[in-house]
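Spelled out from the first residue to the last, the chains are:
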Amino acid sequence: MTSTSSDTMQHHRSGKRSGGGPAIAGPRKDDSDRDGGNNPKFDTGTVTKTRPKTKKPNLYRVLLLNDDYTPMEFVVLVLQDVFNKSQEDAMRIMLHVHQKGVGECGVYPYEVAETKVTRVMDTARKNQHPLQCVMEKQ
Ligand code: TYC
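The rules behind the values
- Residues numbered from 1 in each chain as written.
- Predicted model: local features only at pLDDT ≥ 70, side-chain atom pairs only at ≥ 80, totals over all residues.
- Heavy atoms only, no water.
- Near = heavy atom within 4 Å.
- Polar contact = N/O pair within 3.5 Å; in protein donor to acceptor, adjacent residues only side chain to side chain.
- Areas by Shrake-Rupley, 256 points an atom, 1.4 Å probe, with all protein chains shown as cover.
- Helix = DSSP H or I, 4+ residues; strand = E, 2+ residues; numbered from the N terminus.
- Core = buried A, V, L, I, M, F, W, Y, C linked by side-chain atoms within 4.5 Å.
- Buried < 20%, exposed > 50% of the residue type's maximum accessible area, 1.4 Å probe, protein only.
- Contact = heavy atoms within 4.5 Å.
- Salt bridge = Lys/Arg side-chain N within 4 Å of Asp/Glu carboxyl O.

Visitor: Run through the site of the ligand, naming residues and quoting values.
Guide: Close to the ligand lie Leu64, Leu65, Asn66, Asp67, Thr70, Met72, Val75, Met94, Val97, His98 and Leu131. The side chain of histidine 98 places a nitrogen or oxygen atom 2.9 Å from a nitrogen atom of the ligand. Starting from 350 Å² of accessible surface for the ligand in isolation, the protein chains cover 89%. Listed by contribution, the elements that provide at least two residues to the shell around the ligand are β3 (59-65), α1 (72-83) and α2 (87-100).

Visitor: Let's hear about the nonpolar core: which residues, and what values?
Guide: Residues Val62, Leu64, Leu79, Phe83, Val120, Leu131 and Cys133 are the most contacted members of the largest nonpolar core, which totals 22 residues. Looking at this core, the elements that each hand over two or more residues are β3, α1, α2, β4 (102-109) and α3 (110-126). Per element, the largest residue contribution to this core is seven residues, and it comes from α1. Aside from chain neighbours lying at most four places away, what touches valine 120 is Leu64, Val78, Val82, Phe83, Leu131 and Cys133.

Visitor: Would you mind going over the environment of glutamate 136 in detail, with residue names and values included?
Guide: Residue position: glutamate 136 is located in strand β5 (residues 132-137). Given the relative accessible area of 32%, glutamate 136 is considered partly exposed. Residues glutamate 136 and valine 107, spaced 29 residues apart in sequence, show a C-alpha to C-alpha distance of 9.4 Å.

Visitor: Mind laying out the pattern of salt bridges, listing which residues take part and the relevant values?
Guide: Within this structure, the stated rule accounts for four salt bridges. One salt bridge connects arginine 61 with glutamate 104, and the closest N-O pair in it is separated by 2.5 Å. With arginine 61 in strand β3 and glutamate 104 in strand β4, the pair connects residues that are 43 residues apart, well separated along the chain. Judged by relative accessible area, arginine 61 falls into the partly exposed class, the value being 26%.

Listed below in structure tokens is the structure:
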């Protein structure tokens, strides 16, 4: 899910009020200020500025699972190819998975993680290896 929103920062101009009306106006019941804020007739003395609010994506860990049959060299190649790991990092991660049973290949936004899991599973199946790759919300 992606969406954008904006929030509003308000700054009150300094300066004295003129006129004898109530100091605090009640909530506005009509649309009299729906002019984009540019009509001096409706100037409330409030300057509003909107800024686009960036939402951080939900992140997912992509994990590799150990098995007894997938060759170590194949796992290292997958880590280099799909997860852009160096030879050394790929070897370290592969050995970690081999010894501990599970290991993290990276952390990504949902669709990136999903694509990497699919690439690993597709290449494993094509090569008839039982290698398993999963993702979990971080
Ligand atoms: N355990 C495998 C072997 O001994 C190697 C391996 C490592 C397999 C990591 C999967 O995710 C894995 N050949």
